Amino acid sequence: ARVRVGFAKYHEKNIYDDQWNVEYYDLEQKRWIMVDVTSLGSENKVKDYALDIPKNQFITAAEAWKNIRSNKFKEKEKIVDTGGYEGIKAAWLQLMNDFSCLMNNERSFLFQPSYMYECKDNYYYIRDFTDKELIELDELADLMLENDNNLDKLYKLYNSETKYRKLLGLSTWN
């Protein structure tokens, strides 16, 4: 089993909001099964499929990143993050969370890699991405899309690039 981070479409129409789910590999079915543990036992529209989230109801952070970068979302659809970010910045936050989880470092969402933040008025905000960073993040998302086949490359990147592991705590960012 592993934690996966991305965006759920099943909470509100046309909104993909950040979501942490559990995924486990079913040997009989030979596939990964996504479970929304936050919806188990609750009376909501997810309860009927919380134990096997349909692929069209949850996208990983890498899928969200790539879809934003290639303009694949419909005009009315939005990617949102609980912290108030939308679009590519929300996707970056969850890309970093999912990358960390895939590396068996399921840290709190309250801590994020510090390299993308700048301080303004005593708060840290996600700054704009450089062209080089966008390309690096595209490459990371590509690896994460096929994570089972790319684990060695992902581990090497995670362990060699300290920027993915040097974190900033929530009390200092906005």
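Scroll up to find the structure.
Reading the values: the criteria
- Note that residues are indexed from 1 along each chain, following the sequence as it is written.
- Residue-level local features of this predicted model are given only where pLDDT is at least 70; pairs of side-chain atoms are given and counted only at 80 or more, and the full residue set underlies all totals for whole chains, interfaces and linings.
- Side-chain measures here rest on the full set of heavy atoms in the structure, leaving out hydrogens and waters.
- Axis definition: a line fitted to C-alpha atoms, over the contacting stretch in the case of helices. Angles run 0 to 180 degrees between N-to-C directions.
- Helix numbering and strand numbering both begin at the N terminus, where a helix is a DSSP run of H or I of at least 4 residues and a strand a DSSP run of E of at least 2.
- Angle categories are assigned with fixed cut-offs, so that under 35 degrees is roughly parallel, over 145 is roughly antiparallel, 65 to 115 is roughly perpendicular, and the rest are oblique.
- Helix crossings are classified by the rotation of the near helix relative to the far one: an anticlockwise turn of less than a right angle makes the crossing left-handed, while a clockwise turn makes it right-handed.
- Contacts between residues were defined by any pair of non-hydrogen atoms, one from each residue, lying within 4.5 Å.
- Three residue categories are used. Nonpolar comprises Ala, Val, Leu, Ile, Met, Phe, Trp, Tyr, Cys and Pro, charged comprises Asp, Glu, Lys and Arg, and polar comprises the others, including Gly.
- Each salt bridge in this description consists of a side-chain nitrogen of Lys or Arg and a carboxyl oxygen of Asp or Glu lying within 4 Å of one another.
- Note on exposure labels: buried denotes an accessible area under 20% of the residue type's maximum, exposed denotes more than 50%, and partly exposed covers the range between, all computed with a 1.4 Å probe on protein chains only.
- Strand pairing is assigned whenever DSSP identifies at least 2 bridges connecting the two strands.

S.K.: Explanation requested: the packing of helix 2 (residues 87–102) against helix 3 (residues 131–145) in the structure shown.
M.R.: Any two packed helices are characterised by how steeply their axes cross, that is the angle between the axes, and by the distance between the axes. Following both chains from N to C, one finds helix 2 and helix 3 inclined at 50°, their axes separated by 11 Å at the closest point. With respect to their mutual orientation, helix 2 and helix 3 come out oblique. Crossing of helix 2 over helix 3 shows left-handed handedness. Note on element contacts: helix 3 touches helix 2 through Leu134, Leu137, Leu140, Ala141 and Met144, opposite Ile88, Trp92, Leu95, Met96, Asp98, Phe99 and Leu102. Taken together, the residues that form the contact of helix 2 with helix 3 break down as 11 nonpolar, no polar and one charged.

S.K.: Got a minute to help me understand the pattern of salt bridges in this structure?
M.R.: Pairing between side chains becomes possible if they bear opposite charge and their charged atoms approach one another. Per the counting criterion, the structure on display carries 15 salt bridges. Taking the shortest distance from any N to any O, the salt bridge between Asp138 and Arg69 comes out at 2.8 Å. On the criterion of sequence distance, the pair formed by Asp138 in helix 3 and Arg69 in helix 1 (residues 61–69) is long-range, its members being 69 residues apart. Judged by relative accessible area, Asp138 falls into the buried class, the value being 15%. Within this structure, Arg2, Arg4, Glu23, Asp98 and Asp148 form a network of salt bridges that share partners.

S.K.: I'm lost on the pairing of strand 8 (residues 123–126) in this one. Help?
M.R.: Side chains on a regular strand alternate between the two faces of the sheet. As defined by bridge partners, strand 7 (residues 117–120) adjoins strand 8 across four bridges and the pair is classed as antiparallel. Bridge pairing links Tyr117 to Ile126 in strand 8. The hairpin formed by strand 7 and strand 8 contains two residues between the paired strands, and Asp121 there has a positive phi angle of roughly 50°.

S.K.: Looking at this model, I keep getting lost on the pairing of strand 1 (residues 2–12). Mind explaining?
M.R.: Where strand 1 lies against strand 2 (residues 15–26), eight bridges are found, and the strand directions are antiparallel. Within strand 2, the position partnered with Phe7 by the bridge is Asp18. Connecting strand 1 to the next strand, strand 2, in antiparallel fashion are two residues, including Asn14 with a positive phi near 65°. Taken together, the three bridges between strand 1 and strand 4 (residues 58–60) define a ladder with antiparallel strand orientation. Paired with Ala8 across the strands is Phe58, a residue of strand 4.

S.K.: Would you mind going over the packing of helix 1 against helix 3 with me for this structure?
M.R.: Closest axis-to-axis distance for the helix 1/helix 3 pair is 9 Å, and the angle between their directions is 130°. By the angle between their directions, the pair helix 1 and helix 3 is classed as oblique. Here helix 1 and helix 3 pass one another in a crossing that is left-handed. Within the contact between the two elements, helix 1 uses Ala62, Glu63, Trp65, Lys66 and Arg69 and helix 3 uses Leu134, Leu137, Asp138, Ala141, Asp142, Met144 and Leu145. Residues of the contact of helix 1 with helix 3, tallied by class, amount to seven nonpolar, no polar and five charged.

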